[in-house]
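Residues per chain, in single letters:
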Amino acid sequence: DVQNFSGISEQNSKAVVADLLCRWFASFSDVIMDSGGSIDKYIGDCIMAVWGAPEPVENMQLRACGAALEFNRALETLNAGLPKGYPSISCRVGVHCGELLVGNIGYQKRMNYTVCGNACNIAARLEQAGKEYKVTPLISGEVVKAISKQYLCVWLDAVVLHGYTRRVTQVFHLVTTKASATPAQLNAARTFRAIRRALHARNFDKANDLVAACENDPEFEQYAAVLLILEEHCIQESFMVRSSSAGKVGANVRSPSGNLSEGQATTRSSLSRSSRNTQSTNHTDEDWAFDEEDSDGDRDDAVAPVIA
């Protein structure tokens, strides 16, 4: 999905918007088809793609995640080649895998070959959750279990996505392949993981020390919004008794939604408001126990990755 497409449409002529969309669709559609995926439909400025239908393909999750990362390179090429005066664009990506109903859907006078099912909805919700977490691509725990040997993934959160009432989705950031991961990316992943564990253990001093040590680290700073969300989770769910030290988490990380300062009373939860994409859930130890180390191994029963 193109970020801020409404703003782009408002500030540019219809001809520019139409041409921009055509360039966007062409660039990303090539990536999808080159990876063995099928384009299900264009929805406004969104592309919905599926791997495993209409024809089965091997390593579906790997192919879908490879395409998700290739989108970044395609986007750089696209923006570099835009005519003068055109706005640059960015996008959000969500990937999930599961069983889907595949076939002709509609009525007697109008039929579309398409896919439908819960996996489609979760992929779409993950893409939308990128508005909150400020990182992309976002993938589910089900996908991670199939790709963790090949890809570096950072576990961000466990949430009930918008529109759901009970299902907890593990949300991961797909960073890069393990073979191409830089020392900075590996360090940011390890540090974020340590901070998350410190928050869970109510060790606020350790969390703040880890955050302070990563000041001005661009690989780590991309997780600033996630840290704010995790802290708000802790507040809302009574995971911890708020102390002055808890208010310092994230103070040394620039965030688009503002920095937390010592003693600041933060009561807003961006995951529980109806206008947001996700809502908080009462985490259990099992939810928090899901980690990169727990996601090794292949998953034979996961089928049909969907990307939105």
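Rules of the game
- Residues numbered from 1 in each chain as written.
- Predicted model: local features only at pLDDT ≥ 70, side-chain atom pairs only at ≥ 80, totals over all residues.
- Heavy atoms only, no water.
- Core = buried A, V, L, I, M, F, W, Y, C linked by side-chain atoms within 4.5 Å.
- Buried < 20%, exposed > 50% of the residue type's maximum accessible area, 1.4 Å probe, protein only.
- Helix = DSSP H or I, 4+ residues; strand = E, 2+ residues; numbered from the N terminus.
- Contact = heavy atoms within 4.5 Å.
- Salt bridge = Lys/Arg side-chain N within 4 Å of Asp/Glu carboxyl O.
- Expected span 1.5 Å × (residues − 1).
- 1 Å grid on protein atoms, 1.4 Å probe; cavity = no way out; pocket = protein on both sides within 12 Å on 5 of 7 lines; lining within 4 Å.
- Points joined across faces, edges and corners; volume = space filled by probe spheres on them.
- Nonpolar A, V, L, I, M, F, W, Y, C, P; charged D, E, K, R; others polar.
- Disulfide = S-S within 2.5 Å.
- Pairing = 2+ DSSP bridges.

(A) Region of the structure containing the nonpolar core. One finds Trp24, Phe28, Ile89, Ile139, Ile147, Cys153 and Leu174 to be the most contacted residues of the largest nonpolar core, which totals 41 residues. Counting residues per element, the ones that place at least two in this core are helix 1 (5-11), helix 2 (14-34), strand 2 (46-50), helix 3 (60-80), strand 3 (94-97), helix 5 (141-147), strand 7 (151-161) and strand 8 (169-177). The dominant element in this core, judged by the number of residues it contributes, is helix 3, at ten residues. When neighbours within four sequence positions are excluded, Leu174 is seen to be in contact with Cys65, Ala68, Leu69, Pro137, Ile139, Ile147, Tyr151, Leu152 and Cys153. Listed in part, the 32 residues of the second largest apolar core include Leu161, Val175, Ala198 and Val211.

(B) The arrangement of the pattern of salt bridges in detail. For the coordinates displayed, the defined rule picks out six salt bridges. Residue Glu70 is joined to Arg73 by a salt bridge in which the shortest nitrogen-to-oxygen separation is 2.9 Å. Residue Glu70 and its partner Arg73 are both found in helix 3; the two are separated by three residues, about one turn of the helix. The class of Arg73 is partly exposed, set by a relative accessible area of 46%. Between Glu142 and Arg167 there is a salt bridge, and its shortest N-O distance comes to 2.6 Å. Taken together, the positions of Glu142 in helix 5 and Arg167 in the loop between strand 7 and strand 8 put the pair 25 residues apart, joining distant regions of the chain.

(C) Region of the structure containing helix 4 (residues 118-133). End to end, helix 4 covers 22 Å across 16 residues, agreeing with the expected 22 Å (1.5 Å per residue, within 8%). Every buried residue belonging to helix 4 is among Ala119, Cys120, Ile122, Ala123, Leu126, Glu127, Ala129, Gly130, Glu132 and Tyr133, and all of these are buried. Positive backbone phi, approximately 65 degrees, marks Lys134, located one or two places after helix 4.

(D) Here's a closer look at the layout of surface pockets. In this model, the largest pocket occupies a volume close to 370 Å³. As for the largest pocket, its lining consists of 20 residues, of which Leu69, Asn72, Thr136, Leu174 and Val175 are closest to the centre. Every element with two or more residues in the lining of the largest pocket is listed here: helix 3 and strand 8. The greatest single-element share of the lining of the largest pocket, amounting to six residues, is contributed by helix 3. In terms of residue class, the lining of the largest pocket is made up of six nonpolar, nine polar and five charged.

(E) Structural detail: the environment of Ala213. On the secondary structure map, Ala213 appears in helix 7 (residues 204-213). Separated by 22 residues in sequence, Ala213 and Thr191 have C-alpha atoms that sit 9.4 Å apart.

(F) Focus on the state of the cysteines. Applying the stated rule across the entire model yields zero disulfides. Cysteine Cys97 shares no disulfide, and the gap to the nearest cysteine sulfur, in Cys65, comes to 8.6 Å. On the basis of relative accessible area, Cys97 is assigned to the buried category, the value being 4%.

(G) Focus on the pairing of strand 4 (residues 101-107). Relative to strand 5 (residues 110-116), strand 4 runs antiparallel, the two being bridged by seven bridges. What sits directly across from Val102, in strand 5, is Val115. In textbook terms, the turn of a hairpin is the stretch between consecutive antiparallel strands, and for strand 4 and strand 5 this stretch comprises two residues.

(H) Representation of helix 3 within the structure. Helix length check: helix 3 (21 residues) gives 30 Å between terminal C-alpha atoms against 30 Å at 1.5 Å per residue, within 8%. Turning to helix 3, its buried residues number three or more, namely Met60, Gln61, Ala64, Cys65, Ala67, Ala68, Leu69, Phe71, Ala74, Leu75 and Leu78.

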